[in-house]
Amino acid sequence: MRRTKIAVCIGLLAAIALSVSVVGQRIGEGRTLVVGIWGAAQEELTREYVVKPFEQATGARVELILGGSTDRFVRLYAEYDNPTMDVAFLAYGQAQQALKDRVVQGPNPINVPEWKNLYPQAQAVGYGVAFLAVGLMYNTEYVKQAPTSWLDLWNPAYKGKVAPFVFPGTQGTAFLVMAARAHGGDEYNIDAGFNAIAQLKPFPAVLSGIPETNLGFLTGDIWFAPQIHGYVYEFKAEGGPVDFVYPSEGTPFAMNVATIPTNAKNTDLAEIFINYFLSPANQLAYANRLFYAPTNRTVQLPPELAAMMPYGAQQIAELLELDWAHITAQQSDWADRWNRQILEK
Amino acid sequence: MTLATPSFVILGIGFLAPLVLLFLLSWRQSVPGSGLILDQWTTANYTRLLFDAYYFKIFWRTFTIALYATLLSLALGYPIAMAIARSKGRAKAFLLAVVLTPLLTNVVARTLGLMILLGRHGPINNLLVQLGLPRLTLVPGVPGIVIGLTQVFMPFLILSVSSVLENIDPALVEAARSLGCTRFGAFRRVVLPLSVPGIVGGSLFVFLLSFSAFVTPQLLGGGMVVVMTTLIRQQAMVLLNWPFASAVAIVLLLVSIVLVGTYTRALGGAERRESTRVAASSKISSWGRAVQELRRASYDLAASLGRAWTRLARYLRPMRLALGKLRFMVRAGGWGGKALIIAFILAPLPIVIVSSFSGSSLIMFPPRGGFSVRWYVGLLSRPEYIRSFFISLQIAALSVLIGVSTGTLAALALVRYRFPGREVLRTLFLSPLMLPAVLVGLALLRLLAMMGWTATFRGVLIGHLVLVTAYVIRTVSASLVGFDRSLEEASRNLGAGVFRTFRRVTFPLIKPGLIVASIFAFLVSFDETTVSVFITGPGTITLPVRLFSQLEYGLDPTVTAISSILVVIALLALLVADRLLGLEKFSTMR
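Source: prediction; values computed, not measured.

**Student:** An account of the pairing of strand 4 (residues 127-139) of chain A is requested, with residue identities and associated values reported.
**Tutor:** Residue and element names in this part refer to chain A. Where burial is concerned, most of strand 4 is hidden: 13 out of the 13 residues are buried. Relative to strand 7 (residues 253-259), strand 4 is paired through six bridges, and the arrangement is antiparallel. Across the sheet, the residue bridging to A133 is F253, located in strand 7. Summarising the sheet, strand 4 and strand 8 (residues 293-294) pair through two bridges and their orientation is antiparallel. Following the sheet pairing, A130 is matched in strand 8 by P294. Of the pairings in the sheet, the one linking strand 4 to strand 6 (residues 242-245) comprises four bridges and is antiparallel in character. Note that in strand 6 the partner of L136 across the bridge is V245.

Quick look at the structure:
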């Protein structure tokens, strides 16, 4: 009798010890999740609102590799069998192509419960993390009358002050298509776009980065550029002499997307990470700091903040959805034409 | 030939194998907009490239930009190299420090400094406006790129030339002078021809580096000047058309080999003759023969330079005016001219340092938002930068150790022994510098991914070693060429063994070359960006890669703050080296 009691006690203790160790043995203990993402403010936000809770919950360590999405897009293909990254953040067009080529995984709503709360546009590419509007950035110090249309850029008074973005790229591609649309063409009749942009020469610069863009506006060399709304408001908040408009012909829609490479080594952890990324806490922080529009329907924004981004189903639907599949297929030819007609004198 | 084996192994893994991958890729077809590659063979990439005048135009533009930068480096760098070779003690230490310090700052930061300096609202233009002169549009544009490339790469030429000038026996100049030569005559007939190996090596470095530079043309061209590297990057990185990019790379490599071959043949006549002479005769040649030899070499040099000059004259007109002025200045001003050149070498540093104390997140000069140390304080909370610094340091140190020892052996084999395929091997070792780095990186990434070596330390090291070896072999070869082998024979005759002879005779004689080679190896590795972007990963991200990745989005004064810290570290290191060893001893030989 006594012996059984002791046995039971020992058994109980063992069970507790075991259960404690099971509880303590978190899923990511001793593992490292490699995440490729943009630097600067995005890095700070991600560390605070995603990495921290993720590491606490899983015990895994997160290694951030910072850089532009182009480098990540190339890497996804180049190291398809043996990817370095477990999560790669891509631009909209890149994510669509990567998904189509199956170098990244489709969404997994079971392991990423926040997926159900996303707007359909964000669900369509896997895990859309932020909605972006590609509109018009203008210099409030030199341009007294706020522009209302893409056509305003062709005003002779602004000659030499309009800086296009490099093609292909989120801003550059949107600008080419909108230039075509403003001049009677569209993505299926792109001639008008090339001819119109060529008329804007000489350019103060052909932009490829955010810092150089802001510098150009600050020195007064640049008065207009196509730009993503968030960058403009971020610079404006820092005191930059700039503002953003949604032109009357339409404002193309873009998105930042989180992807998991097809052969990722830590898919389970990657899904947990992305779930944190899509959480209202992180999305709200992004909206507050970078004015990135939340893709999660449950995020509530104060009205003054909501006014600075495409927020809510109706406003998102008002943005222009370009035919990215068609554009991507033409991209190579257009880049060739861009080099010859736009960049050469 | 066995001496070259270690270097050859490095070359095989780090360059030849990736090259084979590229070659195979170049006959494939890509899917537009995607990184997928179709499983069928095609010649379309080559026909597209070869039958389109546009690509030739881009090639020609890149070529002329690199050529201008090389000529400008030669015109500005040679006097400084002479000053380094001639000066002693403190002065020499100072000059070496001046040349080396900017090289230790990151290329992104240095180019940003130049961008501000030459920009429409930069100090130079502001000065011009205050003097009532019109603004110059140097940036964005080709002139800015040429100036930038010169500024960034000129130290390679200076060190190359000075390491060879150090080897010239001052008695030769004295002999020429006592035989009635003027000072300039002695320079033209003795010093210049004898420095040809240094000129060949140094100008090759500047040319190849300029030809395959990406950061400088991209930033200083304002995104509007298409050169081969920007075109290749667009094809390989943005459009993912690897087959076409590979075809461009293969053709470019072949063209570079022909160009470099012609160049070394034309200019390096003296070099090769010298090596033949040294190898063939164990006797010290008579003065008469030597002078004849030198004269012939100098004519060779003058004639080929002249030919190149006239051919390029019409493209060079604006540049020539500037060059003429500069040359006049150098000649007339003496130290004044040299002071100006030194100012040019150091010019980006003050801008980099001052802008690192900016209160705003934009890199500007003068900085906006008042004085602030926030970017330095911010670094404290970012241990990854410190980690990357040590990774870079480690890889650079290993590159020096392995690269210089294996490269020196290979250089010995290439200069001393004649064996079948020697010329081929010589070109092969230099060819990693001729292939655009973007594609070296991409091909290496694919190879390392196959081997499971992506983002590993050894993978990164091999990538760096391939580049480093090219510099080492070239530099050490140059110092071996002017080497009198009878000295070694004398040592052997006097009873010294092979190793003792190497330690007591060969090593001291090639020491300046070895030191310069080590400096190159360190700098090349420490600042390498384009290849490393591909092959680094978690745990192996080097400092330049970290800074480069900020360029597109997060570029802020962190970059200039880090560069400023690097300048301080570099100065401290030079100071310590000076106190412990005497900096001037770094390049003295006799």
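**Student:** If you had to explain the domain arrangement of chain A to someone new, which residues and values would you point to?
**Tutor:** Residues and elements named next belong to chain A. As far as domains go, chain A holds domain 1 (28-131 + 254-318) and domain 2 (133-253 + 324-343). For domain 1 versus domain 2, the separation of C-alpha centres amounts to 26 Å. Taken together, the contact between domain 1 and domain 2 spans 12 residues of the former and 13 residues of the latter. Counting residues per element, the side of domain 1 that touches domain 2 draws most heavily on helix 4 (residues 92-100), which supplies four residues. In the side of domain 1 that touches domain 2, the residues fall into nine nonpolar, three polar and no charged.

**Student:** Tell me about the nonpolar core, and please be specific about residues and values.
**Tutor:** The biggest cluster of nonpolar side chains holds 291 residues, and the ones touching the most others in it are V257 and F273 of chain A together with L439 and A521 of chain B. Take this core: its biggest share by element is 16 residues, from helix 3 (residues 53-86) of chain B. Of the residues that make up this core, three or more belong to each of domain 1 (28-131 + 254-318) and domain 2 (133-253 + 324-343) of chain A. When neighbours within four sequence positions are excluded, V257 of chain A is seen to be in contact with F89, L90, Y92, A95, V125, G126, Y127, G128 and V129 of chain A.

**Student:** Now, about the environment of S564 of chain B: what can you tell me, with residues and values included?
**Tutor:** All names here are of chain B. Residue placement: S564 occurs in helix 27 (residues 558-581). For the pair S564 and F244, spaced 320 residues apart in sequence, the C-alpha separation works out to 40 Å. Other than its neighbours up to four places away in sequence, S564 contacts V352, I353 and S356.

**Student:** Break down unusual backbone geometry for me, with residues and values.
**Tutor:** The omega angle of the peptide bond from F167 of chain A to P168 of chain A is -10°, so this bond is cis rather than trans. Turning to its location among the elements, P168 of chain A is positioned in the loop between strand 4 and helix 6 (170-182). A cis amide bond links V139 of chain B with the next residue in sequence, P140 of chain B, at an omega value of 0°. The phi dihedral of F291 of chain A is positive, around 65°, even though this residue is not glycine. Within the element layout of this structure, F291 of chain A appears in the loop between helix 11 (280-290) and strand 8. What makes F291 of chain A buried here is the crowd of 24 C-beta atoms within 10 Å.

**Student:** Before we move on, can you summarise the interface of chain B and chain A with the specific residues and values?
**Tutor:** On the chain A side, the residues contacting the 41 residues of chain B number 45 residues. Residue assignment for the side of chain B that touches chain A shows that the elements contributing at least two residues are helix 12 (228-238) and helix 21 (437-451) of chain B. The element best represented in the side of chain B that touches chain A is helix 21 of chain B, accounting for four residues. The class makeup of the residues in the side of chain B that touches chain A is 22 nonpolar, 15 polar and four charged.

Calculation notes
Residues numbered from 1 in each chain as written. Chains lettered and ligands numbered in written order. Predicted model: local features only at pLDDT ≥ 70, side-chain atom pairs only at ≥ 80, totals over all residues. Buried ≥ 20, exposed ≤ 12 C-beta atoms within 10 Å, placed from the backbone. Helix = DSSP H or I, 4+ residues; strand = E, 2+ residues; numbered from the N terminus. Pairing = 2+ DSSP bridges. Domains from an automatic or database assignment. Contact = placed C-beta atoms within 7 Å. Nonpolar A, V, L, I, M, F, W, Y, C, P; charged D, E, K, R; others polar. Core = buried A, V, L, I, M, F, W, Y, C linked by C-beta atoms within 7 Å.

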